[in-house]
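Examining the three-dimensional arrangement
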Amino acid sequence: MKRKDSIVVFPGGTREICKKKGEEYVLKWQDRTGFVRLAMEHGYDIIPVAAVGAEETYTVIEDANDILNSPFGKFLKLIGVADHYFKNGELMPPVVRGIGDTIFPRPAKLYFSFGKRISTTRYKKKFDDPDAQKRMKQKVEKALLGEFQKLFEIRDHDTDRSKWRRLLNMRKPHSDNL
């Protein structure tokens, strides 16, 4: 940032990768405001970038809650591994299913959208103000969710479905229990 280089930031970090059942396209930023604080402090514009499609490549069949409630998870809690290394499940990767019963990802069409540039210039002197950070974060979240909605609309009306993608995305019935 001191050199004014462009940077890419993923505000949710690992938690957005280790999603639980039903958390598709849910922002997992919690109270994190570090990315807006830095942007405000250094006068960086924020460009929301949305991606739709990747979350269809896998189905979460066991998430952190399921794992931690299992005998193995209870053992991990007992010896302190669950809390120390996995932040009590927040950083625990899910067990997923892709093509059929494999971990190979289902082919999915990916859609990307770059939102309008959000200037932080007027907040530069307020970079350490928690309320200003919260307002900026909310502005970014709203813009990003709007980009998701645009992409969902495009995806839902997209008729370009290849035979291979349709074939490999067919889900055969199976038990939810492994």
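The structure under discussion appears in the preceding block.
Quantities reported herein were computed from a predicted structural model and do not represent experimental measurements.

Scanning the protein chain from N- to C-terminus turns up 7 helices and 4 strands. Counting only C-alpha atoms, the protein chain reaches 55 × 50 × 25 Å along its principal axes. Relative to its full complement of 178 residues, the protein chain shows a buried share of 30%. Expressed as a percentage of contacts within the protein chain between residues at least 6 apart in sequence, the contacts between residues at least 24 apart total 78%. Only carbon and sulfur atoms are counted for the fraction: they give 57% of the accessible area of the protein chain, which is about 12,100 Å². Counting 35 positive and 25 negative side-chain charges, the protein chain places the averaged centre of each group 4 Å from the other.

Our focus in this paragraph is the pattern of salt bridges. Applying the stated criterion to the full structure yields 15 salt bridges. Between arginine 15 and glutamate 90 there is a salt bridge; the shortest N-O distance is 2.5 Å. With arginine 15 in helix α1 (residues 14–17) and glutamate 90 in the loop between α5 (81–86) and β3 (95–97), the pair connects residues that are 75 residues apart, well separated along the chain. The partner of lysine 137 in a salt bridge is glutamate 141, with the nearest N and O atoms 3.6 Å apart.

Right, let's get into the layout of surface pockets. Here the largest pocket defines a volume of roughly 1,400 Å³. Contributing to the lining of the largest pocket are 46 residues, with Val9, Phe10, Pro11, Glu16 and Val49 lying nearest its centre. Listed by contribution, the elements that provide at least two residues to the lining of the largest pocket are α1, α2 (34–42), β1 (49–52), β2 (59–62) and α6 (130–156). Split by residue class, the lining of the largest pocket holds 30 nonpolar, 6 polar and 10 charged.

Attention shifts here to the environment of aspartate 5. In this structure, aspartate 5 sits in the segment before α1. For aspartate 5, a relative accessible area of 31% gives the class partly exposed. Separated by 44 residues in the primary sequence, aspartate 5 and valine 49 have C-alpha atoms spaced 18 Å apart. At 2.5 Å, the side chain of aspartate 5 and the side chain of arginine 3 are in polar contact.

Conventions used here
Residues numbered from 1 in each chain as written. Predicted model: local features only at pLDDT ≥ 70, side-chain atom pairs only at ≥ 80, totals over all residues. Heavy atoms only, no water. Helix = DSSP H or I, 4+ residues; strand = E, 2+ residues; numbered from the N terminus. Buried < 20%, exposed > 50% of the residue type's maximum accessible area, 1.4 Å probe, protein only. Contact = heavy atoms within 4.5 Å. Areas by Shrake-Rupley, 256 points an atom, 1.4 Å probe, with all protein chains shown as cover. Lys, Arg positive; Asp, Glu negative; His and termini not counted. Charge placed at Lys NZ, Arg CZ, Asp CG, Glu CD. Salt bridge = Lys/Arg side-chain N within 4 Å of Asp/Glu carboxyl O. 1 Å grid on protein atoms, 1.4 Å probe; cavity = no way out; pocket = protein on both sides within 12 Å on 5 of 7 lines; lining within 4 Å. Points joined across faces, edges and corners; volume = space filled by probe spheres on them. Nonpolar A, V, L, I, M, F, W, Y, C, P; charged D, E, K, R; others polar. Polar contact = N/O pair within 3.5 Å; in protein donor to acceptor, adjacent residues only side chain to side chain.

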